[in-house]
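# Observations on the model geometry
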Amino acid sequence: MSNQKYTREEALAFHLEPTPGKWEVQATVPMTTQRDLSLAYSPGVAVPCEEIAQNPELAYDYTNKGNLVAVISNGTAVLGLGNLGALGSKPVMEGKSVLFKRFADVNSIDIELDTEDPDAFINAVKLMGPTFGGINLEDIKAPECFIIEQTLKEQMDIPVFHDDQHGTAVICAAGLINALHLSSKNIEDVKIVLNGAGAAGIACLELLKAMGARHDNCIMCDTKGVIFQGRTEGMNQWKSAHAANTPARSLEEAMVDCDVFLGVSAKGAVTQDMVKSMADNPVIFAMANPDPEITPEDAHAVRPDAIVATGRSDYPNQVNNVLGFPYLFRGALDIHARAINDEMKIACAEALAELAREDVPDEVALAYGKNLSFGRDYIIPTPFDPRLIHRIPTAVARAGMNTGVARRPIIDMDAYELSLKSRMDPTASILRGINARARAAQARMIFAEGDDPRVLRAAVMYQRSGLGTALVVGREADVKAKLEAAGLEDAYREIEVVNAANTRYLETYKAFLYDRLQREGHDRQDIHRLATRDRHVFAALMLAHGHGDGLITGATRKSAHVMQRINHVFDADAKHGAAGITALLHKGRIVLIGDTLVHEWPDEHDMANIAERAAGVARHLGLEPRVAFVSFSTFGYPVSERAAKMHIAPQVLDQRGVSFEYEGEMTVDVALNARAMEAYPFSRLSGPANILIVPARHSASISVKLMQEMAGATVIGPILAGVDKSIQICSSVSTANDILNMAVLAACKVG
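What counts as what
Residues numbered from 1 in each chain as written. Predicted model: local features only at pLDDT ≥ 70, side-chain atom pairs only at ≥ 80, totals over all residues. Heavy atoms only, no water. Helix = DSSP H or I, 4+ residues; strand = E, 2+ residues; numbered from the N terminus. Rg over C-alpha atoms; globule rule 2.2 N^0.38 Å. Buried < 20%, exposed > 50% of the residue type's maximum accessible area, 1.4 Å probe, protein only. Contact = heavy atoms within 4.5 Å. Areas by Shrake-Rupley, 256 points an atom, 1.4 Å probe, with all protein chains shown as cover. Lys, Arg positive; Asp, Glu negative; His and termini not counted. Charge placed at Lys NZ, Arg CZ, Asp CG, Glu CD. Arc of directions from axis to C-beta. Polar contact = N/O pair within 3.5 Å; in protein donor to acceptor, adjacent residues only side chain to side chain. Phe/Tyr/Trp six-rings, centres within 6.5 Å; stacked < 30°, edge-to-face > 60°. Pairing = 2+ DSSP bridges. Axes fitted to C-alpha atoms, helices over the stretch in contact; angles between N-to-C directions.

Turning next to the overall build of the protein chain. The helix and strand inventory of the protein chain stands at 32 helices and 21 strands. In terms of overall size, the protein chain behaves like a compact globule, its C-alpha atoms giving a radius of gyration of 30 Å where 751 residues would be expected to give roughly 27 Å. When each of the 751 residues of the protein chain is scored for burial, the buried share is 53%. When contacts within the protein chain are restricted to residue pairs at least 6 apart in sequence, those whose partners lie at least 24 apart make up 70%. Roughly 33,300 Å² of accessible area belongs to the protein chain as shown, and the carbon and sulfur atoms make up 51% of that amount. Averaged over its 74 positive side-chain charges, the protein chain has a centre that lies 4 Å from the centre of its 94 negative ones.

Structure representation (C-alpha cells):
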C-alpha cells in the first residue's frame, strides 16, 4: 500500500495509455522473410512438434513453456474489493503478470475464468496444463481456493501456487525468523496468535508449523473469536485442523502473554490494551490492507520493545508478496519443477531472512533515501534489493532438487547464479534511485507551459507523488479550466499558478534581463514583452532569481526556440560549455548519447567537453562512465577526413587527465558489443560503452529518434548539462509521464 495520492482519472489513464492494458506479446525470433515464416510455422514447425510428441520433456527446450506462468482467477475475492467477477479482476491479473516479468523475468499470461463452480474451474485449469510451466492462482475466495489448489496440485505435474495463501505466508515467515532472532526466542517455544482464518491466515500458520512452531502454542481467531477444540459455529475442515486446546474464547484473552501476533484481518482489530498484555519483546505483524490491525505508532506508544511489521510501504518492515512469488517461480521453472513444496517455501523464507541480516547495498539505500541495516525496523529485505533475483531462486532451486521435484536439476549452481544476475534490469534501480533522491530534495519545480494538459498532469503527478512543489506558469482561469477538462479540478488548490501579473518580482526580472540584453539589440519595450508574454523567458527568470529550484519546458515548442529563449537568461550555449545528453533505455540497457541539443558541429575540443558533461550525467544516474567516440570507422580504418576529429578527441581527454574510461574512434557495434570489442584487445574500455559521443547534432538526433521509433526505446532527455541552474527541455512529443521524468531529473540536478 502506497501513501501517494492519485485520482480515479489518473488511475484510469495509466491503464489506458499508451495502449489499453499493461502488457503485450513480442516475437523472440525473426519474422520478416518467407523463410522465417516457414520455420516459425508451416512446414518447419513440424520438426519440433514431432520431437516433443516423442519426448514431452523437450517442450521445455523448443517452446516457451519453461518460462511461462499463468495467472488465473475467477475474481471472487479481488484485492479486498470482494467478488467483482472474472472480467472485473483482469486489471489485477494483468498487473500480477507484469510483476512476474519485472522482478524475475518470468513471462506470464493472465487468464480470467468466468465460473464460481470449483469443479469447472479445476477442469479448465487442468486442461491448460500443457501450455504452462506453472500456475499462479489469485483472488479466489475461501474455502473454494483450498479445494481448487489442493485438487490441481494432485492432478497436475507443474507447480500450482495460490499466492494469496502462500505468498503472504512465506514473507511472514521470513520476517518472523528475524524478529525472533532479535528477540532471542525460538519458534518452537513462542506462543503465536493469528487473527483472520481465511486463505492467507491458514497458510501462515501451516507454514510456521512446518518450520517448527508447536500446534499447542498456536491459537487461531476469526470474527467469532478463538477457534477452539469442540467449536461448531462457523467451522470448516481447514479451520478445524488448527483448533486449539485453550480456555481463551476471544482475541483479547488469547493475546495475554503471547509472543507473536499475526493479523490478516481488519483495521483496528487490535487495541493498545491487547498489545500491553503481550509477553516481553512482542512481535506484531499487522498485515491487514490497506490499514493494519494496529498502527506501528499506536503499538510502540504502549510497547516500545515491540517489533512491528505491516503490509504497507510507508511503514518499516513491509510484508510484501512481491518478495516471494516471482522468485519462487523463477527457481521452480529453472529446474522444471513438478510442484512448489513446503521445503521450497521455507528455503525462500530463510534466504530472505538471511539477506536482511547482511549489509544493504548502496543502491538500495539510495533508492530509499536512507541507510538501512538489520534491526527492529529492518527485518525483511526491500522489494528493490538487486540481490533478490540471484539469491532467492538459487535457494528455491536447491530445495526443489533436494526434495525430488526437479525434472532437470541444475548441475553448475555458480553458473546458474551468474545467469540470474544477468536477468536484472539495471535501468530499474537507476530510475528508483533518481526518484528517491528527488523525493528527498523536495524541489520547487517550475513547469513553464501551464497551458498544455500534459504539462499540467505532470505537475499534478509531481506534487501528489510527494516529490516537491509544482509551480505552474500560466493564467489562473486557463489552468483551472484545463485541469477541470482533464478531471483534475481538485488539483487547482494543490499547485501554485504563477505569471507576470501575480508576481511582485516583475520589475526585478525586467532589470536583470535588460542588463543582459541591452547590447544585443533589445530595448526596454522588448524586455517588457519578453518578461511578460514569453513563458519560457518568465520561467527562466524565476529560476535565475531562486524562485524555483528547477525548470521544465519544451513540451509545446521546438527545442531550438526554447534554447534561444533560455539563453536570454542563462549561458546555456556551446561557448559556455553546455551540452545536451539524451538517455536511451532499451531491453535492460541504458546508453547516453551526446550532443543532442547544443552543439551543431562540434570540433574535437567541443567533443571532449561533451564527453565530460556526459560522464557527469552518467555518474548522477549511478553509472560508471565508459565513453566511446563513435563514427563509421574503427581505430583509423577506413581513413576519412570526417572521422579525424573522433580520432583526436580521445587525445584531448588524454591531455586533460579525466577520471573516466574513454576510447575511439569506433563503430557503434564495436562500442556496444563485448564480442565485437574482443577483436581490439588494446581498447581502454573495460566493457561495452554506456556513453556514445557522435560527430554532430544531426547524427545524435537521428540516432535517438531511430531507436525510439524503430526499437521502442524509452527516451529521457535531452538533459541540459553544464548550466548553473537545473533546466530540462522536453520533446514536443512528450507524454505527461515523460515530462514527469524530466522533472525528477531536474529535481536531482542531473546535469
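The complete set of buried residues in helix α24 (residues 524-533) reads Asp-526, Ile-527, Leu-530 and Ala-531. In a view along the axis of α24, the buried residues occupy a sector of 125°, so they form one face of it. Exposed residues lying more than 90 degrees from the buried face of α24 are Arg-524 and Arg-533. The opening residue of α24, the one whose side-chain oxygen lies 3.1 Å from the backbone nitrogen of Gln-525, is Asp-523.

Right, let's talk about helix α26 (residues 559-566) for a bit. Taken together, the buried positions of α26 are occupied by His-561, Val-562, Met-563, Arg-565 and Ile-566. Check the buried side of α26 and you find it contacts α24, α25 (535-544), β14 (550-553), β20 (714-721) and β21 (726-729).

What follows deals with the packing of aromatic side chains. For the coordinates displayed, the defined rule picks out 12 aromatic pairs. The interplanar angle of 85° and the centroid separation of 5.8 Å between the aromatic rings of Phe-161 and Phe-329 together place this pair among those described as edge-to-face. Residue Phe-161 is found in strand β4 (residues 160-162), and its partner Phe-329 is found in helix α15 (residues 325-334); the two are separated by 168 residues along the sequence. Owing to a relative accessible area of 0%, Phe-329 belongs among the buried residues under this scheme. Here Phe-447 and Tyr-462 contribute two aromatic rings whose centre-to-centre distance is 5.9 Å and whose plane-to-plane angle is 70°, an arrangement assigned as edge-to-face. Of the two residues, Phe-447 is situated in strand β11 (residues 443-447) and Tyr-462 in helix α21 (residues 453-464); the sequence distance between them amounts to 15 residues.

On to the sheet that holds strand β10 (residues 307-310), then. Read from one edge of the open sheet, six strands run β7-β6-β5-β8-β9-β10, paired in mixed fashion. For this open sheet the edge positions go to β7 (225-226) and β10, each flanked by a neighbour on one side alone. Of the pairings in the sheet, the one linking strand β8 (residues 260-263) to strand β9 (residues 283-286) comprises four bridges and is parallel in character. When the bridges of β9 are listed, Leu-262 appears paired with Phe-285. Its contacts with the sheet place helix α9 (residues 163-183) against β8, β9 and β10, and it is angled at close to 160° to β9.

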